[in-house]
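# Examining the three-dimensional arrangement
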2 protein chains.
Amino acid sequence: MPGIKHLLIISIAINAGLVLKFLHDGDEWAGRSVPKGVLPEAKPANGLQTLSRATDMQDQYINLDHGDPTMYETYWKQMGDKTTLVLSGWQSISYFSDTKNICWFLEPGFANAVTRLHNLVGNAQTGNYHIVVGTGSTQLFQAALYALCPSNAPQPMSIVSAAPFYSSYPLIIDCLKSGLYKWKGDASKFNKDEPYIELVTSPNNPDGSIRQAVVNGSGGILVHDLAYYWPQYTPISFQADHDIMLFTLSKCTGHAGIRIGWALVKDKEVAKKMTKFIEISSIGVSKDSQLRAAKILDVIADTYEHTQKFDKATPFFHYGYNEMAKRWRQLRSAVSKGQTFSLPDFPVEKCNFSGQTFGTQPAFAWLKCEKAVDDCASFLRKHKILTRSGTHFGSSEKYVRISLISHQEEYGEFIQRLSLISCVYAT
Amino acid sequence: MPGIKHLLIISIAINAGLVLKFLHDGDEWAGRSVPKGVLPEAKPANGLQTLSRATDMQDQYINLDHGDPTMYETYWKQMGDKTTLVLSGWQSISYFSDTKNICWFLEPGFANAVTRLHNLVGNAQTGNYHIVVGTGSTQLFQAALYALCPSNAPQPMSIVSAAPFYSSYPLIIDCLKSGLYKWKGDASKFNKDEPYIELVTSPNNPDGSIRQAVVNGSGGILVHDLAYYWPQYTPISFQADHDIMLFTLSKCTGHAGIRIGWALVKDKEVAKKMTKFIEISSIGVSKDSQLRAAKILDVIADTYEHTQKFDKATPFFHYGYNEMAKRWRQLRSAVSKGQTFSLPDFPVEKCNFSGQTFGTQPAFAWLKCEKAVDDCASFLRKHKILTRSGTHFGSSEKYVRISLISHQEEYGEFIQRLSLISCVYAT
């Protein structure tokens, strides 16, 4: 491929000064403490200058450590006032939304919108399920643990998940040293003959793999986190019907700041206990947030079911799919410029929702540093790219997790830097 | 007072049939299980027909077990579109609100509104405090415990509060069997020589008393819950400057469904750890809720500082004060019709905010059943008034807590029933 080689040489020549600057700046920071993001959405460390689109990007850190879904802002701006919500001063007075529902703080409009969207996309059954709303799926995950662990057991229940697992699981589970449950790490190494809960995240955070339970024990209960089981990220190949399925607005529509998640729960008693946990921990969930979420989910469904209302607007999941496809193409292209990095491959399947055949294009890249680079996160940090080390996910420091759903400008700058690094180390 | 006696006799005569109906209906329900409200705002038990203003009140249960602040709906309706908030579809995308703030999910507009209102009312200092926002003050209370209890202590920290204490404290503290802290009950009985946290609620829930710490130990840390330290409930006699002070929108403005609380925290490290807890448990707090709360708090301040904008509208706290004063007059009048019930008296003080001199007029009545009635909650339930028994507050079943901040119609019906019971048992 002489053409590509030629381009590479030109690219290196043009950017040589810039590269040296990167390396120099990197060294400057090498001795400093790392901003350890403990949650998937950890804030940039205070005082660390991170990328602001209004200023010169080259000197700034790009923070892709957390999964802030700012990519979606562009779409919602394009939609203008279609999702505008007006809230009057006398709304949201009462704690109660629907006293006849097990989840008494669930806004009926939100419940309807959730059901409608799942029925449209076909990613989860809703027929015999109870909906429990939470302050993000993070709260629902804790509610599920509370509901599933007996309060009178002699030992805390073991909670496991196959590595690489979502980095927040250990932190959330062990933060209060609960006597009800305890984090026991990698599910593939769990072989005790005792009750356990296995957390199955599919597509998986951080590596995008399609997951099933791995523990072979008899006393296991499964909790499925399906935050990324939407058609912009992965083919919708079946209608999920697990006992407990968790979803979050953040990764579905991009509205992380609304803090809304929902659980589809088969068992009535589990739904009751999950509701009780949310009653105890925050006396319900913001009504305003539920009303906004309902509006947004309904507009998404409308872009498919009432297309005439939306002129030439791209329906939401198609926009997300195209954007993710483009970003993955750019990423794979950057990585392929050298042998410094590698990325996982994903099996190709047909999506029942869109009819398209494609491989998972996850919200995060699980990037591996090849060759002599051992600590991948530190290596990238020297080039002012902040990522989360594989060590946080029960994996090796050879890996990092990188958010692919940040602002376009930020993502473009990241791709440019990664290409450059790939090229430089390839020569 | 022959006049009053005369009226009483007439009242009894008129309502005799009604009373018999009440007593009869009460008996019908006597054997059924009690809807045990475990939180201050517990939902009405499913299937239990509670008061709906559109239907005939006399046959229905009045649920005053929880503290749903629906009283305030009337005021906010009167204010029309003054507090209307418009949210665009592209708002609330990011998890972050202000990465320079310790509490990185705190909306700057909300922080400003909180500071402005405290400065206006004079109920708490804000100068050297960090603001931490929470999903109601319930989440902040847990964040405070997490922040104050060392993670490596050999024993869980003892948490105490003087009886009668807020009924949710034991439930929240012990629900996950935390190894960090443990509920140890009535602070006035705590005499161990070990570190402890004392929860001081003032005015107190359930009994409205003005509180100070009661434990005499040396290793104590105090958390002040000042949810009711607002001028509609009690004279603002000093500007509170405790280490950790918790407030909630629910009891200040009545917007319980928005789920917003805030903490004023003196120590930077404590504020950081509280923020970390909220990051772990719900990755921040709804931005929409914060924006609405900011709007509402700003309008309240405007009704005092920019009166010309509001035509003849009563400023918010004056409305609340008048309404609470009226309700307490009605309640004391109903109770004084017989010797069945009694209520606490409160010392009279001057309010620095309003200039008025009055006694606390709490959001809850701490009603005592006198004479032969032992189980006050069951007694009232027979008359279709649902209250929360004193036993939930570490006190006697002779007491009940009754919400005084429900809808006007509901409250009116309650007063009518209570008057009737007072009269009947007085004869």
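Here goes a summary of the coordinates provided. (Residues numbered from 1 in each chain as written. Chains lettered and ligands numbered in written order. Predicted model: local features only at pLDDT ≥ 70, side-chain atom pairs only at ≥ 80, totals over all residues. Heavy atoms only, no water.)

Turning next to the relation of the copies chain A and chain B. Under the fitted operation, chain A is carried onto chain B by 0.0 Å of movement along the axis and a turn of 180°, and the coordinates agree to an RMSD of 0.0 Å. Both copies of the chain, as the preceding transformation shows, are related through a two-fold rotation axis. Residue by residue, 100% of the interface of chain A is reproduced at the interface of chain B, so both copies engage with the same surface. (Least-squares fit on C-alpha atoms with pLDDT ≥ 70 in both. Contact = heavy atoms within 4.5 Å.)

Evaluation of the coordinates by the stated rule reveals 2 disulfides over all chains. Through a disulfide, A:Cys369 is tied to A:Cys376; the S-S separation comes to 2.1 Å. Residues A:Cys369 and A:Cys376 share a disulfide whose torsion about the S-S bond is about 60°; that sign makes it right-handed. Under the relative-accessibility criterion, A:Cys369 is labelled buried at 0%. Since its relative accessible area comes to 0%, A:Cys376 is described here as buried. A:Cys369 supplies the cysteine sulfur nearest to A:Cys423, a cysteine that is in no disulfide, at a spacing of 15 Å. B:Cys351 carries a free sulfur, and the closest cysteine sulfur to it, the one in B:Cys252, is 13 Å from it. (Disulfide = S-S within 2.5 Å. Buried < 20%, exposed > 50% of the residue type's maximum accessible area, 1.4 Å probe, protein only.)

Moving on to helix H8 (residues 287-305) of chain B. Residue and element names in this part refer to chain B. For H8, built from 19 residues, the straight-helix expectation of 27 Å at 1.5 Å per residue is met to within 8% by its first-to-last C-alpha distance of 26 Å. With 15 of 19 residues buried, H8 is to be regarded as a mostly interior element. At the N-terminal boundary of H8, the capping side chain belongs to Ser286, with an oxygen 3.3 Å from the backbone nitrogen of Asp288. (Helix = DSSP H or I, 4+ residues; strand = E, 2+ residues; numbered from the N terminus. Expected span 1.5 Å × (residues − 1). Polar contact = N/O pair within 3.5 Å; in protein donor to acceptor, adjacent residues only side chain to side chain.)

In the contact formed by helix H7 (residues 268-282) of chain A and helix H4 (residues 136-148) of chain B, the axes pass within 6 Å of each other and the chain directions differ by 75°. Compared by their axis directions, H7(A) and H4(B) come out roughly perpendicular. When H7(A) is examined against H4(B), the residues A:Ile280, A:Ser281 and A:Ser282 are found in contact with a partner set consisting of B:Thr138, B:Gln139 and B:Gln142. (Axes fitted to C-alpha atoms, helices over the stretch in contact; angles between N-to-C directions. Parallel < 35°, antiparallel > 145°, perpendicular 65-115°, else oblique.)

What follows concerns the interface of chain A and chain B. Contact with chain A, which involves 75 residues of that partner, is made by 75 residues of chain B. Of the roughly 6100 Å² buried between chain A and chain B, counting both surfaces, carbon and sulfur atoms make up 61%. When the buried surface of chain A facing chain B is broken down by residue, A:Ile93, A:Tyr95 and A:Leu176 rank first, second and third, together holding 13% of it. Along the contact surface separating chain A from chain B lie 2 salt bridges. Between B:Arg292 and A:Asp288 there is a salt bridge, and its shortest N-O distance comes to 2.6 Å. Our enumeration of links across chain A and chain B arrives at 44 residue pairs in polar contact (both at pLDDT 80 or more). Listed by contribution, the elements that provide at least two residues to the side of chain A that touches chain B are helix H2 (73-78), strand S2 (85-87), helix H4 (136-148), helix H5 (168-174), helix H6 (249-252), H7 and helix H8 (287-305) of chain A. Ranked by residue count, the leading element in the side of chain A that touches chain B is H7(A), at 6 residues. Where S2(A) meets strand S2 (residues 85-87) of chain B, 3 bridges bridge the pair, whose relative direction is antiparallel. Bridge pairing in S2(B) links A:Val86 to B:Val86. (Buried area = accessible area lost by both parts, 1.4 Å probe. Salt bridge = Lys/Arg side-chain N within 4 Å of Asp/Glu carboxyl O. Pairing = 2+ DSSP bridges.)

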